[in-house]
Amino acid sequence: MRTLLIPLLLLCGLSQAAELSPAEKDAAQQLAKDTGCLSCHSLTEKIVGPSYTSVVEKYKADADAASGLVQSIQYGSKGKWGRIPMPAHSQLSADQLKLLASWVMSIQK
Ligand code: HEC
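This structure is a prediction, so every number in the text was calculated from the model and none was measured.

Cut-offs used in this document
Residues numbered from 1 in each chain as written. Predicted model: local features only at pLDDT ≥ 70, side-chain atom pairs only at ≥ 80, totals over all residues. Heavy atoms only, no water. Phe/Tyr/Trp six-rings, centres within 6.5 Å; stacked < 30°, edge-to-face > 60°. Lys NZ or Arg CZ within 6 Å of the ring centre and 35° of its normal. Donors = N, O, S within 2.8 Å, 3.2 Å for Na, K, Ca; no water. Tetrahedral: all angles 85-135°; square planar, octahedral: opposite > 155°, others 65-115°. Helix = DSSP H or I, 4+ residues; strand = E, 2+ residues; numbered from the N terminus. Buried < 20%, exposed > 50% of the residue type's maximum accessible area, 1.4 Å probe, protein only. Near = heavy atom within 4 Å. Polar contact = N/O pair within 3.5 Å; in protein donor to acceptor, adjacent residues only side chain to side chain. Nonpolar A, V, L, I, M, F, W, Y, C, P; charged D, E, K, R; others polar. Axes fitted to C-alpha atoms, helices over the stretch in contact; angles between N-to-C directions. Parallel < 35°, antiparallel > 145°, perpendicular 65-115°, else oblique. Left-handed = near helix turned anticlockwise from the far one by under 90°. Contact = heavy atoms within 4.5 Å. Expected span 1.5 Å × (residues − 1). Arc of directions from axis to C-beta. Core = buried A, V, L, I, M, F, W, Y, C linked by side-chain atoms within 4.5 Å.

Asker: How should the packing of aromatic side chains be read in this particular structure?
Answerer: Here the distance between the centres and the angle between the planes together describe a pair of aromatic rings. In this structure the tally under the stated criterion is one aromatic pair. In this structure, Lys58 packs its charged tip against the face of Trp81, placed 4.4 Å from the ring centre.

Asker: What am I meant to see in the coordination of the iron atom of the ligand here?
Answerer: In an ideal tetrahedron of four donors about a metal, each angle is 109.5 degrees. In an ideal octahedron of six donors, the angles are 90 or 180 degrees. Bound to the iron atom of the ligand are the protein donor atoms His41 (NE2) and Met86 (SD), situated 1.9 to 2.0 Å from the metal. In this structure, the iron atom of the ligand is surrounded by six donor atoms whose angles at the metal cover 87 to 179°, and the resulting shape is octahedral. Of the two residues, His41 is situated in the loop between α3 (37–40) and α4 (52–59) and Met86 in the loop between α5 (65–75) and α6 (94–106); the sequence distance between them amounts to 45 residues. Accessibility expressed as a relative area gives 24% for Met86, which makes it partly exposed.

Asker: I'm lost on the site of the ligand in this one. Help?
Answerer: Lining the immediate surroundings of the ligand are 26 residues, of which Cys37, Cys40, His41, Tyr59 and Met86 lie closest. Between an oxygen atom of the ligand and a side-chain N or O atom of Ser72, the distance comes to 2.6 Å. Taking Gly79, its main chain carries an N or O atom lying 3.4 Å from an oxygen atom of the ligand. Those elements giving two or more residues to the shell around the ligand turn out to be α3, α4 and α5. Across the shell around the ligand, the residue classes tally to 15 nonpolar, nine polar and two charged.

Asker: How should the packing of α5 against α6 be read in this particular structure?
Answerer: Angle between the axes and distance between the axes: these two values describe a pair of packed helices. In the contact formed by α5 and α6, the axes pass within 8 Å of each other and the chain directions differ by 120°. For the element pair α5 / α6, the angle class is oblique. Handedness of the α5/α6 crossing: right-handed. Residue-level inspection shows Ala65, Ala66, Leu69, Val70, Ile73 and Gln74 of α5 in contact with α6, the latter providing Leu97, Lys98, Leu100, Ala101, Val104 and Met105. Partitioning the contact of α5 with α6 into residue classes produces ten nonpolar, one polar and one charged.

Asker: Where do I start with helix α2 (residues 22–35) in this structure?
Answerer: Two residues of an α-helix separated by three or four positions point the same way, owing to the 3.6 residues in each turn. With 14 residues, α2 extends 20 Å between its outermost C-alpha atoms, agreeing within 8% with the 20 Å of an ideal straight helix rising 1.5 Å per residue. The complete set of buried residues in α2 reads Ala28, Leu31, Ala32 and Thr35. Buried residues of α2, seen end-on, are gathered within an arc of 100° and therefore sit on one face of the element. Exposed residues pointing more than 90 degrees away from the buried face of α2 are listed as Pro22, Ala23, Asp26, Lys33 and Asp34. Buried residues in α2 make contact with α3 and α6.

Asker: Looking at this model, I keep getting lost on the nonpolar core. Mind explaining?
Answerer: The nonpolar side chains of a soluble globular protein tend to be buried with one another. The biggest cluster of nonpolar side chains holds 21 residues, and the ones touching the most others in it are Tyr52, Leu69, Leu100 and Trp103. Going through the elements one at a time, α2, α4, α5 and α6 are the ones with two or more residues in this core. When near neighbours in sequence (up to four residues on either side) are disregarded, Leu69 contacts Val55, Tyr59, Ala101, Val104 and Met105.

Shown next as structure tokens:
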């Protein structure tokens, strides 16, 4: 039993640290579209909010970045990027928030 538990725990820990599958990335992008994220954000250009590649640039050294982004997406954010605030997205589930935050951090130029 114990021999099974350890690899399982390791797996859970690893999957939390980002690394989304291609299918998860697609699902996240679709969710971002459906939720309206992409009317304020583009992957590479600043629109109302910062581009997602600049978010990655800002937080890439921070191993815990995704959990901070979950908070920003869920409760809204202001003053980190400029004068325009991001509204809260309280309708999203914890899983959806985590998926979106990990997806943003997985975006490459
Ligand atoms: C009405 C426009 C708008 C919408 C809709 C929007 N954002 Fe934002 N977003 C912003 C702005 C403006 C900022 C910069 C806020 C700041 O300066 O703190 C921002 C910041 C962010 C950040 C960086 C937060 C940080 O802590 O630095 C992330 C990540 C993000 N948005 C993701 C999302 C996701 C995912 C969605 C959809 C669920 C979304 N945004 C919807 C405008 C928007």
